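The lines below spell out each chain.
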Amino acid sequence: MALPISPNLLVTLALLLKTKSVSGTALALGVSQPSVSRSLSQLRTALKDPLLVRSGSGMARTHRGEELVERLADWMVTTSALLVEESFDPARVERRFRVATTDFGVMSVLLPAMAALREEAPAIAIDIVPLSHATHRALAEGEVDLAISGLDHDPSQLHRALLFEDEFLCVTRADHPLAGSDERVPVADFLAHPHLGITVSEAELDRVTMTLGAAAATRKVAASLPYFGLAPAMLAAGDLVMVMPSRAAAHFDARHGLATRPAPAELGLLQYWLLWHERSHRDPASRWLRERLARICRSAVPDAIPE
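The rules behind the values
- Numbering of residues starts from 1 in each chain and follows the order in which that chain's sequence is written.
- Under the rules for a predicted model, residues below a pLDDT of 70 receive no local features and side-chain atom pairs below 80 are neither given nor counted, while totals for whole chains, interfaces and linings still include all residues.
- The basis for every side-chain value is the complete set of non-hydrogen atoms in the structure, without hydrogens or water.
- Secondary structure elements are taken from DSSP: a helix is a run of H or I of four residues or more, a strand is a run of E of two residues or more, and numbering for both begins at the N terminus.
- Helices are assigned an expected span. That span is 1.5 Å times one less than the residue count.
- Each residue is assigned to one of three classes by its accessible area relative to the maximum for its type, calculated with a 1.4 Å probe on protein chains only: buried under 20%, partly exposed between the two thresholds, exposed over 50%.
- Pairing of aromatic rings covers Phe, Tyr and the six-membered ring of Trp, with a centre-to-centre limit of 6.5 Å; geometry is then stacked below 30 degrees between planes, edge-to-face above 60, and tilted otherwise.
- The rule for a charge over a ring is simple: NZ of Lys or CZ of Arg within 6 Å of the ring centre, and within 35 degrees of the ring normal.
- Pairs of strands are assigned from DSSP output, requiring at least two bridges between the strands.

S.K.: Give me helix 5 (residues 103-120): which residues, what numbers.
M.R.: In this model helix 5 runs 24 Å from its N-terminal to its C-terminal C-alpha over 18 residues, within 8% of the 26 Å that 1.5 Å per residue would give. Among the residues making up helix 5, those that are buried are Phe 104, Gly 105, Met 107, Ser 108, Val 109, Leu 110, Ala 113 and Leu 117.

Right, dumping it as structure tokens:
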């Protein structure tokens, strides 16, 4: 049975057969001549052939050596190609990306970017999946490629890019008691009215309740939604107050019979992040998508969706 030959020995053999010189191979590899001589001895034993023999002042390849020289040269080229990163051309990429986010992420990040993404990379596809509370696990296991989220996360576990900061607005029907002013809603007035809540991920996290802490004990949530799409109809049907980022509110204007006011200062600002795992950090296609999303969504607040 033939002895196993390590890749390092194969590289040495490829150079020996090409140069037909122990000293030349040693120079190319940056090692000593005795080291190459020992490798040649191992190769002769493993392959049961001298491979190179003395011929005049130099060395000549045996028949077995002649058989191997081109095959090893091809192997060297193929092996080297495995380690060279191909140039990235988005126009030629055929890739399906899975992006975990909420409908706000679609409104504020993906929707403004889709036309440009499709123009630059017409063969890509983007599957939008629900945002999970276990974002790190989903990214680490390759269930999703990217996550777009305003939820708290551990920056030591994920790579991230801040897409934007947004202020919160109170959104009501136009004749609601809180409507008719541009001043910030005091938190006491805010808590005096029933609310339409928004929950994020299957864990049903409500950001307003989480942010207000103990003050949220008096908050009356009459109904809650996992997305913004039905909010205009539900707000118009009653005296509810809903908190949403200004980029979401930009999609609902006077045509929906709604009014907005700056939310209580206690709610702070929304930081919205692009999140990815180390496993895709250096992937050219993923890097391209991240850079395009970040650049496009930072450029401007999107206009309302036309009817």
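S.K.: So what's going on with the packing of aromatic side chains? Residues and values would help.
M.R.: What the rule picks out here adds up to four aromatic pairs. Centre to centre, the rings of Phe 104 and Phe 228 are 6.2 Å apart; their planes meet at 75 degrees, and the pair counts as edge-to-face. One end of the pair, Phe 104, is in helix 5; the other, Phe 228, is in the loop between strand 8 (221-225) and helix 9 (231-236), with 124 residues separating them in the sequence. Look at Phe 104 and Tyr 272: their rings are 4.9 Å apart centre to centre, the planes differ by 70 degrees, and that puts the pair in the edge-to-face class. Of the two residues, Phe 104 is situated in helix 5 and Tyr 272 in strand 11 (residues 269-276); the sequence distance between them amounts to 168 residues. With respect to class, Phe 104 is no different from Tyr 272; both count as buried. Looking at Arg 160, its charged tip hangs above the ring of Trp 273, at a distance of 4.1 Å from the centre.

S.K.: Talk me through the pairing of strand 5 (residues 146-149); I want residue IDs and the actual numbers.
M.R.: Taking every second residue as pointing to the same face, both faces of strand 5 are buried, with Leu 146 and Ile 148 on one and Ala 147 and Ser 149 on the other. Looking at chain direction, strand 3 (residues 96-101) and strand 5 are connected through two bridges and run parallel. Looking across to strand 5, one finds that Ala 100 is bridged to Ala 147. Strand direction decides the pairing type here: strand 5 and strand 11, joined by three bridges, are antiparallel. The residue of strand 11 that forms the bridge with Ser 149 is Trp 273.

Coordinates in, geometry out; function isn't part of it.
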